[in-house]
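Structural description and commentary
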Amino acid sequence: MQVRDCLISAPGKAILHGEHAVVHGKVALAVSLNLRTYLQLKAKDDGKVSIKLPNIETFVSWELSELKQLIPCFSDKKEEVQRLDPELVKRLREFMGVNNGNLDSSTTATLAFLYIYLSLFGSGEMPSLTVSVWSELPTGAGLGSSAAYSVCLAAALLCVSGKIPAPLKDGEQTARWCQEDLELINSWAFQGEKIIHGNPSGVDNAVGTWGGMLRFLAGKIIPLSRVPLLRILLTNTKVPRSTKVLVARVKDKINKFPSIMIPVLDSVDAISCTCEKVLTEMTCEPITGEHYNILEELIDINQHHLNVMGVGHPSLDILCKVTAARGLHSKLTGAGGGGCGITLLRPETDLVTVQGTVKDLRDCGFDCWETSIGGPGVQQHFPFSVKEEILEVLNRY
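Presented here is a report on the structure given in the accompanying data block. (Residues numbered from 1 in each chain as written. Predicted model: local features only at pLDDT ≥ 70, side-chain atom pairs only at ≥ 80, totals over all residues. Heavy atoms only, no water.)

Moving on, we come to the overall build of the chain. Each helix and strand counted, the chain has twelve helices and 13 strands in total. For the chain, the C-alpha radius of gyration of 22 Å lies close to 21 Å, the compact-globule estimate for 397 residues. Counting only C-alpha atoms, the chain reaches 60 × 50 × 40 Å along its principal axes. The long-range share in the chain, meaning contacts at least 24 apart out of those at least 6 apart in sequence, stands at 76%. Total accessible area on the chain is roughly 17400 Å²; 52% of this is exposed by carbon and sulfur atoms. Each charge class in the chain can be summarised by its mean position, and for the 39 positive and 43 negative side chains these summaries are 4 Å apart. (Helix = DSSP H or I, 4+ residues; strand = E, 2+ residues; numbered from the N terminus. Rg over C-alpha atoms; globule rule 2.2 N^0.38 Å. Contact = heavy atoms within 4.5 Å. Areas by Shrake-Rupley, 256 points an atom, 1.4 Å probe, with all protein chains shown as cover. Lys, Arg positive; Asp, Glu negative; His and termini not counted. Charge placed at Lys NZ, Arg CZ, Asp CG, Glu CD.)

Printed below as a string of C-alpha cells:
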C-alpha cells in the first residue's frame, strides 16, 4: 500500500445558545471555533505504527507484527460504522494493559487511534506510518478538543485506506471533502468519540467535520449552509466542572419547580431560534449594527437564564462584569459551573479595547484568546499554508 503524507486540521466548538436545554428537546446552536487541532501523517518503512500526542513526551510505537496478532480477534464487519465493536475495544484495552478504572486523555486518544487504524486496515495490508498531533485547543475545557482530534484522525486514515480521496489538488493551499466523504469522516470520528467519552451526543464531531454552525434538536444535527464569521473573545476561567453534575442539577430544578423552569427552557429555545434567524439574515443582506444589537441582547438574556438554571459560577460573573465594563457582552459556553465563556466583538471594536479586555481577564487568572466562530470544518492543507510555528512543532517530532 502506497501511503501519501497528509496534513489535516479540524476546529473546536462552542455552544452559542441552548446549553442544557437540548437535554429537554430544545434547540441548541453549536458553532466552530477558529482554534484548530492539526494532525500530520507520514509514511514510514520501519515496520511500525507510531503516534505522538501533545500531552505525551515521545512517540508511542507498536510493531506491525504486534498489531497483526489482534486481527483474528475482532469482528469482520469493517464497513459497519454505526456501532462500536465491543470485542475490538476489549482486546485493545487488554493489549494496552488498561482494563480497569478511568483512563487519562492520552490513553483514550491512543485507543481511538488503534481502533480506527485496525478497523480500516485489519482485513488487508497494514501500512507503517507515524501520526503527530498538535492543538490550539485547551483540553478538558468543553471546547471539543477530543472531537477535533477524532475528526482529523478519521480523515487521515480514511485517505490512507483509499476509502475517500485526498481533496487537495496541485496549486491549492487548503481543500475540503464532498458531502458524502464528510459523512463518512463524521461516522468514524463518532466512533473515536465513543471510545474517548463513552456516550457522546455527536455534536462535537459534527462541528469538527462540517464547521460553521449546527442546529441540534432531539438528536438530529442539521448543518446550516451559510453563517457569518463572527469575532469573539474566548475565555477559559480554568475552574473545573463536571458536566454530569451540572446536568443533574438542572434536572433537579425542573423536577422541583416545573412551572418555573419549563418556561425558562422554552425561552432559551426561543433565543436559539431567534439567534439562528438573525445569523441567517446576516448572510443574505447587508450586516447592520442592529443585527449586533440583537445578538448582544440575546447573549445577556441567555446568560441570566443560565444563572437561573443553576449552572452559573462566580468566575463567569467576573467574566461578564469585566467585559461589560468595556461595553462588551459575554455568556458561558458549554456545561457552565466554570469552564469557558465567549464575548462577542463587533466589527468596530477597536484593538485597544480588545487588548485591554484580554489583559483585564488575564489579570483575573483566566486564559483568553481572540478568535472567531463560524469557520470551516475539517480541511486538508498544503504544509506551508499553516502557521510556521505549527509546522515547526509537528516536524520537530
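Let us look at the packing of helix H4 (residues 145–161) against helix H5 (residues 179–197). In contact at an axis separation of 8 Å, H4 and H5 are set at 130° when each is read in the N-to-C sense. Taken together, the axes of H4 and H5 lie oblique to each other. Along this stretch, H4 crosses H5, giving a crossing that reads as right-handed. Residue-level contacts link Ser146, Ala147, Tyr149, Ser150, Val151, Ala154, Ala155 and Leu158 of H4 to Leu184, Ile185, Trp188, Ala189, Gly192, Glu193, Ile196 and His197 of H5. Residue composition of the contact of H4 with H5, by class: eleven nonpolar, four polar and one charged. (Axes fitted to C-alpha atoms, helices over the stretch in contact; angles between N-to-C directions. Parallel < 35°, antiparallel > 145°, perpendicular 65-115°, else oblique. Left-handed = near helix turned anticlockwise from the far one by under 90°. Nonpolar A, V, L, I, M, F, W, Y, C, P; charged D, E, K, R; others polar.)

Time to look at a negative patch on the surface. Among the surface-exposed residues, Asp45, Asp46, Glu63 and Glu66 lie close enough to one another that they form a single negatively charged patch. Within the fold, Glu66 resides in helix H1 (residues 64–68). Since its relative accessible area comes to 32%, Glu66 is described here as partly exposed. (Patch = residues over 30% accessible without salt bridge, like charges linked within 9 Å, V, L, I, M, F, W, Y side chains within 5 Å. Salt bridge = Lys/Arg side-chain N within 4 Å of Asp/Glu carboxyl O. Buried < 20%, exposed > 50% of the residue type's maximum accessible area, 1.4 Å probe, protein only.)

Before going further, it helps to examine empty space enclosed by the protein. This structure, assessed with the given rule, holds two cavities of 30 Å³ or more. Every residue lining the largest cavity is listed: Leu16, His17, Leu230, Ile232, Cys275, Leu295, Ile299, Ile342, Thr343, Leu344 and Ile373. The set of elements that each furnish at least two residues to the lining of the largest cavity consists of strand E1 (6–17), strand E9 (230–236), helix H9 (289–308) and strand E11 (340–344). Here the residues of the lining of the largest cavity sort into nine nonpolar, two polar and no charged. One number sums up the size of the second largest cavity: a volume of about 40 Å³. Taken together, the residues of the lining of the second largest cavity sort by class into eight nonpolar, one polar and no charged. (1 Å grid on protein atoms, 1.4 Å probe; cavity = no way out; pocket = protein on both sides within 12 Å on 5 of 7 lines; lining within 4 Å. Points joined across faces, edges and corners; volume = space filled by probe spheres on them.)

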